[in-house]
Every structure is written in C-alpha cells, then in structure tokens.
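Below, each chain spelled out in residue letters.
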Amino acid sequence: MSKDQIIGVLLFLGGIVGIILYFWLVFLSPWISLILEITAFVAVAAVLAIVAWVGYTLATTPPPEPIEEIEKIEEEKKEETEIIKESKESEEKK
C-alpha cells in the first residue's frame, strides 16, 4: 500500500469511529444536552470564523487593477515586441 492509501484508510476508520462515538454520546450517554450544546457551539463558531476570515481577506487585499490599465500594458508590450522584431529584421538585412 502506498502512503496515500494508508492515510486514506486511517481517515476512513477515524471517521467511522467518530460517527459511532458521537452516536453514543448523543443518544446513549448521560451527557446528551452538554454534547448537543457543544456541537451547536462548534458548528456556529466554525461558520462565523469562516465569515470573519473572508471579511479580513476582503479588507486587507488590495483592489485589482482596472481592465483598461491591463489592456494598455498588454498593448505596450505588443508594440515593444514589434519594435524589437523590426530592429532585428533591419539588422539582418544589413
């Protein structure tokens, strides 16, 4: 078995064990309400953490250049390459 397959099997088994453990904690243990409260808190906290991360990323990322400027830069590059080609061709003719 390759390393990736071993990791896959371990993740699969860990997931199955986690499902069985969670089932026991929610339906068969004396801590039902506590487990449900913790689960709800973790789920809401995870969603809010993702929202906060997206907000932080949007707030700290500089805006992209307008498309007009990008097109202008590409045009300038084309003109430069044409000039270089023309100068090479004129040198070859000499």
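Residues numbered from 1 in each chain as written. Predicted model: local features only at pLDDT ≥ 70, side-chain atom pairs only at ≥ 80, totals over all residues. Heavy atoms only, no water.

A tally of regular secondary structure across the protein chain gives 3 helices and 0 strands. Written out in order from the N terminus, the α and β elements of the protein chain read α-α-α. For 94 residues, the compact-globule estimate of 2.2 N^0.38 gives 12 Å, and the C-alpha radius of gyration of the protein chain, at 30 Å, exceeds that figure by more than 25%. Taking all 94 residues of the protein chain together, 4% fall into the buried category. Here the protein chain displays about 8800 Å² of accessible surface, and carbon together with sulfur accounts for 70% of that area. Where the 8 positive side-chain charges of the protein chain centre and where its 16 negative ones centre are 9 Å apart. (Helix = DSSP H or I, 4+ residues; strand = E, 2+ residues; numbered from the N terminus. Rg over C-alpha atoms; globule rule 2.2 N^0.38 Å. Buried < 20%, exposed > 50% of the residue type's maximum accessible area, 1.4 Å probe, protein only. Areas by Shrake-Rupley, 256 points an atom, 1.4 Å probe, with all protein chains shown as cover. Lys, Arg positive; Asp, Glu negative; His and termini not counted. Charge placed at Lys NZ, Arg CZ, Asp CG, Glu CD.)

All right, on to a nonpolar patch on the surface then. A cluster of nonpolar residues, Leu21, Phe23, Trp24, Phe27, Leu28, Trp31, Leu34, Ile38, Phe41 and Val42, forms a patch on the protein surface that exposes about 1100 Å² of accessible area. Contributions of two or more residues to the nonpolar patch are made by α1 (3-28) and α2 (32-60). The element best represented in the nonpolar patch is α1, accounting for 5 residues. Mapped onto the elements, tryptophan 24 comes out in helix α1. (Patch = residues over 30% accessible without salt bridge, like charges linked within 9 Å, V, L, I, M, F, W, Y side chains within 5 Å. Salt bridge = Lys/Arg side-chain N within 4 Å of Asp/Glu carboxyl O.)

Attention shifts here to the packing of α1 against α2. At a minimum axis separation of 7 Å, α1 and α2 run at an interaxial angle of 125°. The orientation of α1 with respect to α2, classified from their angle, is oblique. Side by side, α1 and α2 meet where Tyr22, Leu25, Val26 and Phe27 of the first sit next to Ile32, Ile35, Leu36 and Thr39 of the second. For the contact of α1 with α2, the class distribution of residues is 7 nonpolar, 1 polar and no charged. (Axes fitted to C-alpha atoms, helices over the stretch in contact; angles between N-to-C directions. Parallel < 35°, antiparallel > 145°, perpendicular 65-115°, else oblique. Contact = heavy atoms within 4.5 Å. Nonpolar A, V, L, I, M, F, W, Y, C, P; charged D, E, K, R; others polar.)

Moving on, we get to the packing of aromatic side chains. Taken as a whole and judged by the stated rule, the model has 2 aromatic pairs. Considering the side-chain rings of phenylalanine 23 and phenylalanine 27, the 4.9 Å spacing of their centres and the 45° angle between planes classify their relative orientation as tilted. Highlighted residues: phenylalanine 23 and phenylalanine 27, both in helix α1, separated by 4 residues, approximately one helical turn. Here phenylalanine 27 falls in the exposed class, since its relative accessible area comes to 55%. (Phe/Tyr/Trp six-rings, centres within 6.5 Å; stacked < 30°, edge-to-face > 60°.)

With respect to the helices, strands and loops of the structure, serine 29 is situated in the loop between α1 and α2. A distance of 2.5 Å separates a polar side-chain atom of serine 29 from the backbone oxygen of leucine 25. (Polar contact = N/O pair within 3.5 Å; in protein donor to acceptor, adjacent residues only side chain to side chain.)

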